[in-house]
Amino acid sequence: MSTPQQLIRPEILALSAYHVQPAAGMVKLDAMENPFDLPAALRAELGSLAGAAPLNRYPDAGAAELKQRLRTALAIPQAGELLLGNGSDEIIQIVAMALARPGACLLAPEPSFVMYRMIATFCGMRYVGLPLAPDFTLDRAALFDAVKREQPALVFIAYPNNPTGNLFARDDLLELLALAPGLVVMDEAYHAFAQDSFMDLVPGHPNLLVMRTLSKLGLAGLRLGFMAGAPAWIAEFDKLRLPYNINVLTQLLAARTLQDIDVLNAQAAVLRAERARLAAMLAAQAGVQVFPSSANFILFRVAGAGAVFAALKSRNILIKCLHGAHPLLADCLRVTVGTPQENDAFMGALAAALAAQRG
Ligand SMILES: *Cc1c(COP(=O)(O)O)cnc(C)c1O
C-alpha cells in the first residue's frame, strides 16, 4: 500500500493548506466581510425563495437569469461574455488550468493575493512573483522587464491589491496590457470600495479579463464570482467549468439580492466613510504607520506586530497578522473595516495593547 509521500505530487506535499482562523465569539475583522445585515424584509423574501427552491433538480447550468441580473446591476458591457465561478477563487483555478501548458508562466506582483501562487502550483504553472516597491507601488521597470523575460501566459493584478490596499498606477497597467504577450486578469474583488475599474476597457482589449466577486460586497456565504472578457476566451474557459458549479440557492438568492443592489452599494458607502475614520484614528496612534487603502481593509505597520496581534486576540478582536508572510510585510497587520462599533472596539483594544507594550 502506497503512502501519500509516494503518490502525491511533491509540490502539493510541500504546500500548507489555506489557513482560516477560528473566529467563534470574536469581533471578526480578518476576512474583509461586509459586517451589515440585509434589511429584514429582503431576508424574509430570500427565506421564502430558498424554501420554495427546487432542491431536487439540478440548477440552470448556464445560470442565464443570474447572468442577466449581474449585467444589469453591475453595468457589464454587452461585448463582454461572462464566466461564473463558485467564488472568484474557482475562476482563478479555471483560467490557470486552461493555460497550464508545460512551462507556461503565471506572473503576479508580491505581496498580493496568496491564491494566485497556490493555484499556479495546483495547476502546474510556473509561478513568478514580482516584488513591489517598499511602499507597495508597482516597480514599473521591473514589471516590464519581467514580462519581457518571462513571457507570462497569465498576469494577475489585484486592483486594489490585497493585502496592501492600494490601487496600482492606472497608466502602468495600461502599458502592461499593451505589452503583455498573454492574458491580464484585473481582479476587482474590492470594486465597491475602490470605485475604479477596467471593465469599460473589456470591449477594446481582447487580452483583458476583469474578475469580480459578490463576497466583499456582502454575500461571501453564497460564493459567487464572475469574470468578463472576450467571448472567444470565455468559451474556452467554460469548457473547464464543472457542470452546475453555481448551485440553485446561490442562483436564486444572488439574483434576488442583485435587484436590490442599492442596499449593498449604500452599505459599501458607509464602509468607505468608516475606512477614512479608521485610517485617521490609526494614523493618530504613536508608532503606527498606515498605508493608503481603496479597499474595505487597512494595512498598518507597528513594532512587535505579532505581540500586538496576540494582545488584540486576547481582547476578542480578530484581525490578520501578515508578519512573516512576505519580507515587505514585516511588522504589518491588516484590519477589515467593520461597523462603527466594531471599529471603535478595535481601536480601544489597539490603544490598550500599545499602552501595555510601552509599559
Ligand atoms: C477575497 C479575494 C478574492 C476571492 O474572493 P471569492 O470570490 O470569495 O473567492 C479574490 N481576489 C482577491 C484579491 C481577494 O481579496
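Use the structure listed above.
Procedures and definitions
- Residues numbered from 1 in each chain as written.
- Predicted model: local features only at pLDDT ≥ 70, side-chain atom pairs only at ≥ 80, totals over all residues.
- Heavy atoms only, no water.
- Helix = DSSP H or I, 4+ residues; strand = E, 2+ residues; numbered from the N terminus.
- Rg over C-alpha atoms; globule rule 2.2 N^0.38 Å.
- Buried < 20%, exposed > 50% of the residue type's maximum accessible area, 1.4 Å probe, protein only.
- Contact = heavy atoms within 4.5 Å.
- Lys, Arg positive; Asp, Glu negative; His and termini not counted.
- Salt bridge = Lys/Arg side-chain N within 4 Å of Asp/Glu carboxyl O.
- Polar contact = N/O pair within 3.5 Å; in protein donor to acceptor, adjacent residues only side chain to side chain.
- Pairing = 2+ DSSP bridges.
- Axes fitted to C-alpha atoms, helices over the stretch in contact; angles between N-to-C directions.
- Near = heavy atom within 4 Å.
- Areas by Shrake-Rupley, 256 points an atom, 1.4 Å probe, with all protein chains shown as cover.
- Patch = residues over 30% accessible without salt bridge, like charges linked within 9 Å, V, L, I, M, F, W, Y side chains within 5 Å.
- Expected span 1.5 Å × (residues − 1).

**Comments concerning the overall build of the chain**
Move 1: Broken down by element type, the chain carries 15 helices and 13 strands.
Move 2: Computed over the C-alpha atoms, the radius of gyration of the chain is 21 Å, within 12% of the 21 Å expected from 2.2 N^0.38 for a compact globule of 359 residues.
Move 3: Each principal axis of the C-alpha atoms in the chain carries an extent, and together these give about 60 × 55 × 55 Å.
Move 4: Sorting the 359 residues of the chain into buried and exposed places 50% on the buried side.
Move 5: Across the chain, contacts joining residues at least 24 apart in sequence account for 73% of those joining residues at least 6 apart.

**Concerning the side chain of arginine 275**
Move 1: Position of arginine 275 among the secondary structure elements: in helix H13 (residues 261–283).
Move 2: Salt bridges are absent for the buried arginine 275, whose nearest opposite-charge side chain, glutamate 274, sits at 11 Å.
Move 3: From its side chain, arginine 275 meets the backbone oxygen of serine 294 in a polar contact 3.4 Å long.
Move 4: Beyond its immediate stretch of four places on either side in the chain, arginine 275 contacts Phe193, Ser293, Ser294, Ala295, Ile298 and Val337.

**A look at the sheet that holds strand E2 (residues 81–85)**
Move 1: As summarised here, the arrangement of the seven strands in space is E2-E8-E7-E6-E5-E3-E4, forming an open sheet in which the pairing is mixed. Two strands in the sheet have a free side with no partner beyond their single neighbour: E2 and strand E4 (126–131). Averaged over all neighbouring strand pairs, the angle between strand axes comes to 20°, with direction disregarded.
Move 2: Pairing between strand E3 (residues 105–110) and strand E5 (residues 154–158): two bridges, direction parallel. Each bridged residue has a counterpart across the sheet, and for leucine 107 the counterpart in E5 is valine 155.
Move 3: Across the sheet, helix H7 (residues 140–150) lies against E3 and E4, angled at about 160° from E4, the strand it touches most.

**Remarks on the site of the ligand**
Move 1: Near the ligand, the surroundings consist of 13 residues, among which Asp187, Tyr190, Thr213, Ser215 and Lys216 are the closest.
Move 2: In isolation the ligand exposes 390 Å². Once the protein is present, 94% of that is buried.
Move 3: Elements represented by at least two residues in the shell around the ligand include exactly helix H5 (88–99) and helix H10 (215–219).

**Section: the pattern of salt bridges**
Note on pairing: side chains with opposite charge can pair once their charged atoms come close.
Move 1: Here the structure, examined in full by the defined rule, presents 20 salt bridges.
Move 2: For the salt bridge of arginine 212 with glutamate 188, the shortest nitrogen-to-oxygen distance reads 3.1 Å. With arginine 212 in strand E7 (residues 208–213) and glutamate 188 in the loop between strand E6 (183–187) and helix H9 (191–194), this pair connects stretches of sequence that are 24 residues apart.
Move 3: The class of arginine 212 is buried, set by a relative accessible area of 5%.
Move 4: Taking relative accessible area as the criterion, glutamate 188 reaches 1% and is therefore assigned buried.
Move 5: With a shortest N-O distance of 2.8 Å, glutamate 236 and lysine 239 are connected by a salt bridge. With glutamate 236 and lysine 239 both in helix H11 (residues 231–240) and three residues apart, the pair spans about one turn of that helix.
Move 6: One salt-bridge network, held together by shared partners, links Lys28, Asp30 and Glu33.

**Some details on a nonpolar patch on the surface**
Move 1: Where nonpolar side chains cluster on the molecular surface, the patch consists of Tyr18, Val20 and Val114 and spans about 310 Å² of accessible area.
Move 2: Relative to the elements of secondary structure, valine 20 occurs in the loop between helix H2 (10–13) and strand E1 (27–28).
Move 3: Under the relative-accessibility criterion, valine 20 is labelled exposed at 60%.

**Concerning unusual backbone geometry**
Move 1: Of note, the amide linkage connecting glutamate 110 to proline 111 takes the cis form, showing an omega dihedral of 0°.
Move 2: Of note, the bond from asparagine 162 into proline 163 is cis; its omega dihedral lies within 30 degrees of zero at 15°.
Move 3: The residue methionine 32 is not glycine, and still its phi comes out positive at about 60°.
Move 4: Along the chain, the position of methionine 32 falls in the loop between E1 and helix H3 (40–52).
Move 5: A positive phi is found at tyrosine 244, a non-glycine position, where the angle reads about 60°.
Move 6: On the secondary structure map, tyrosine 244 appears in the loop between H11 and helix H12 (248–259).
Move 7: The class for tyrosine 244 is partly exposed, based on a relative accessible area of 36%.

**So, helix H15 (residues 340–358)**
Move 1: Relative to the 27 Å expected for 19 residues at 1.5 Å per residue, H15 spans 27 Å between its end C-alpha atoms, a close match to the ideal helical length.
Move 2: Within H15, the full set of buried residues consists of Asn343, Phe346, Met347, Ala349, Leu350, Ala353 and Leu354.
Move 3: Those residues of H15 hidden inside the fold are in contact with H13, strand E9 (288–290), strand E10 (297–302), helix H14 (305–314), strand E11 (317–318) and strand E13 (332–336).
Move 4: Directly beyond the C-terminal end of H15, a positive phi value near 85° is found at glycine 359.

**Side note on the sheet that holds E10**
Move 1: The strand order E9-E10-E13-E12 describes an open sheet built from four strands, whose pairing is antiparallel. If you trace the sheet from one side to the other, it starts and ends with E9 and strand E12 (320–321), each paired once.
Move 2: The pairing of E10 with E13 spans five bridges and is antiparallel. The partner of arginine 301 across the bridge, within E13, is cysteine 332.
Move 3: Packed on one face of the sheet, H13 meets E9, E10 and E13 and runs near 5° to E10.
Move 4: Of the strands in this sheet, E10, E12 and E13 touch H14, which is tilted by about 35° from E13.

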